[in-house]
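Coordinate inspection notes
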Amino acid sequence: MTKRRPNVPTPRQSKSALLEAAQAAVADQRGRPIPSGPPAPPEPGSRTFLRVLLGSLIIAGAVVLGLRPSWLTSPPPPPESPAIQTASATLALVEAVSRVNAFQQVRGSLPRTLAEAGVVDRSISYRQLTRDTFEVAVPAGDSTLTIRSTEPLKPKVVQAILTLQRRS
C-alpha cells in the first residue's frame, strides 16, 4: 500500500500560486503613488559615529605627521666634511666649464650667462675674462673654489672622484 502525502501541491498548483502572488505584488505596487523629488535624506544621527571616527583618524594622522617621530622618519645624513664639499663643488664647476665650452664650440662665442649655456646651478658664478676665456666659481665651505677655462680639467676630476670614493 502506498502512502499519500497530505495536502502536498502538485508542481502545476505551486506554479499557479507563485504566479498569483507575483501578480498581486505588481498590482499592489501600481496602486501606490509614485514618490516625486529626491529621496528623503537619512536620519541625522545615523552616520554620526562614522563621521566622528573618520575625523578623529584624520586629526591623529595630521598630528603624527606634524610631530615627525623618529620611528616614522629616518635621521638626517651626517654633515659633509670640507674635503667632500670641495670635491662636490669641483665636479659642479667642471660640469659648468664643459657646458660653456660646448656652447662656445657650437655658437662660436661665450654665453652671456650660465643659464644660456644650460647650467642650472644658481650657486655657480660666471665671469668672462677675455673674448675666449672665462672662469666659474662656487662657494665651498669657508672659501670660494674657482676654475678658469684655461686650466686642465682631468686632474681636478680625478682628484674629486678619488675623494668622493674614500667617503664610503
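Now for a quick tour of the structure. (Residues numbered from 1 in each chain as written. Predicted model: local features only at pLDDT ≥ 70, side-chain atom pairs only at ≥ 80, totals over all residues. Heavy atoms only, no water.)

1. Focus on helix α3 (residues 82-107)
Operational definition: Strands are runs of DSSP state E lasting at least two residues, helices are runs of H or I lasting at least four, and both sets are numbered from the N terminus onward. Here the expected span of a helix is defined as 1.5 Å times the quantity of residues minus one. Categorising residues by exposure relies on relative accessible area from a 1.4 Å probe, with only protein chains included: less than 20% of the type maximum marks a residue as buried, more than 50% marks it as exposed, and the intermediate range marks it as partly exposed. Should any heavy atoms of two residues lie within 4.5 Å, those residues are considered in contact.
For α3, with 26 residues, the first-to-last C-alpha span of 37 Å sits near the 38 Å given by 1.5 Å per residue. Where α3 is concerned, the buried positions are Ile84, Ala87, Ala89, Thr90, Leu93, Val94, Ala96, Val97, Val100, Phe103 and Gln104. Considering only its buried residues, α3 is in contact with α4 (114-117), β1 (125-128), β2 (134-140), β3 (143-148) and α5 (154-167).

2. Some remarks on the packing of α3 against α5
Short version of the rule: Axes, fitted as lines to C-alpha atoms, cover a helix only where it is in contact. Angles between the N-to-C directions of the axes lie from 0 to 180 degrees. Small angles under 35 degrees read as roughly parallel and large ones over 145 as roughly antiparallel, with 65 to 115 read as roughly perpendicular and the rest as oblique. For a crossing to be left-handed, the near helix must be turned anticlockwise from the far one by less than a right angle; the clockwise case is right-handed.
Where α3 contacts α5, the two axes come as close as 9 Å, and the packing angle between them is 140°. The angle between α3 and α5 falls in the class oblique. Crossing geometry of α3 relative to α5 is assigned as left-handed. Judged by residue contacts, Ala83, Ile84, Ala87, Ser88, Thr90, Leu91 and Val94 of α3 engage Lys156, Val157, Ala160, Thr163, Leu164 and Arg167 from α5.

3. With respect to the packing of aromatic side chains
To describe a pair of aromatic rings, one takes the distance between the centres and the angle between the planes. In plain terms, the rule: Any pair of Phe, Tyr and Trp rings, taking the six-membered ring for Trp, is counted once the centres come within 6.5 Å. Such a pair is stacked with planes under 30 degrees apart, edge-to-face with planes over 60 apart, and tilted for the rest.
Going through the model one piece at a time under the given rule, you end up with one aromatic pair. When the centroid spacing of 5.8 Å and the interplanar angle of 45° are considered together, the rings of Tyr126 and Phe134 count as tilted.

4. Some details on the nonpolar core
Cut-off, in case you're wondering: We define the nonpolar core as a collection of buried residues of types Ala, Val, Leu, Ile, Met, Phe, Trp, Tyr and Cys that are connected through side-chain atoms lying within 4.5 Å of one another.
Core analysis: the largest hydrophobic core is formed by 18 residues, its most contacted members being Val100, Leu114, Ile124, Tyr126, Phe134 and Val136. It is α3 that contributes the most residues to this core, seven residues altogether. Beyond its immediate sequence surroundings of up to four residues, Leu114 is in contact with Val100, Val119, Ile124, Ser125, Tyr126 and Val136.

5. Considerations on the side chain of Thr163
When you line up the elements, Thr163 lands in helix α5. In this structure Thr163 comes out as buried when scored by relative accessible area, which is 12%. Setting aside anything within four residues of it in sequence, one finds Thr163 in contact with Ala83, Ile84 and Ala87.

6. A look at the pairing of β3
Applied cut-off: The rule for pairing is simple: two strands pair if DSSP sees at least two bridges between them.
Pairing analysis gives six bridges linking β2 to β3, with the strands arranged antiparallel. When the bridges of β3 are listed, Ala140 appears paired with Ser143.

7. Some points on a nonpolar patch on the surface
Our working definition: Note that patches include only residues with greater than 30% relative accessible area and no salt bridge, and the join distances are 9 Å for like charges and 5 Å for nonpolar side chains (Val, Leu, Ile, Met, Phe, Trp, Tyr). Method for areas: the Shrake-Rupley scheme with a 1.4 Å probe, in which residue coverage is limited to the protein chains shown. Whenever Lys or Arg places a side-chain nitrogen within 4 Å of a carboxyl oxygen from Asp or Glu, that contact is recorded as a salt bridge.
Taken together, the side chains of Phe49, Leu50, Leu53 and Leu57 make up a nonpolar region of the molecular surface, amounting to roughly 460 Å² of accessible area. Here Leu53 is to be found in helix α2 (residues 48-67).

8. Quick word on the pattern of salt bridges
As a working rule, side chains carrying opposite charge can pair if their charged atoms are close by. What the rule picks out here adds up to five salt bridges. The residue Glu95 makes a salt bridge to Arg99 at a minimum N-O spacing of 2.9 Å. Of the two residues, Glu95 and Arg99 are both situated in helix α3; the distance of four residues between them amounts to about one turn of the helix. Put simply, Glu151 and Lys156 hold a salt bridge, and the shortest N to O gap is 3.1 Å. Sharing partners across several salt bridges, the network here consists of Arg127, Glu135 and Arg148.

9. Some words on the environment of Val94
Mapped onto the elements of the fold, Val94 is located in helix α3. Val94 gets classed as buried once you look at its relative accessible area, which sits at 10%. As for Val94 and Phe134, which are separated by 40 residues in sequence, their C-alpha atoms are 13 Å apart. Excluding anything up to four places from it in sequence, Val94 contacts Ile147, Leu153 and Val157.

Purely spatial values, then, with no claim about function.
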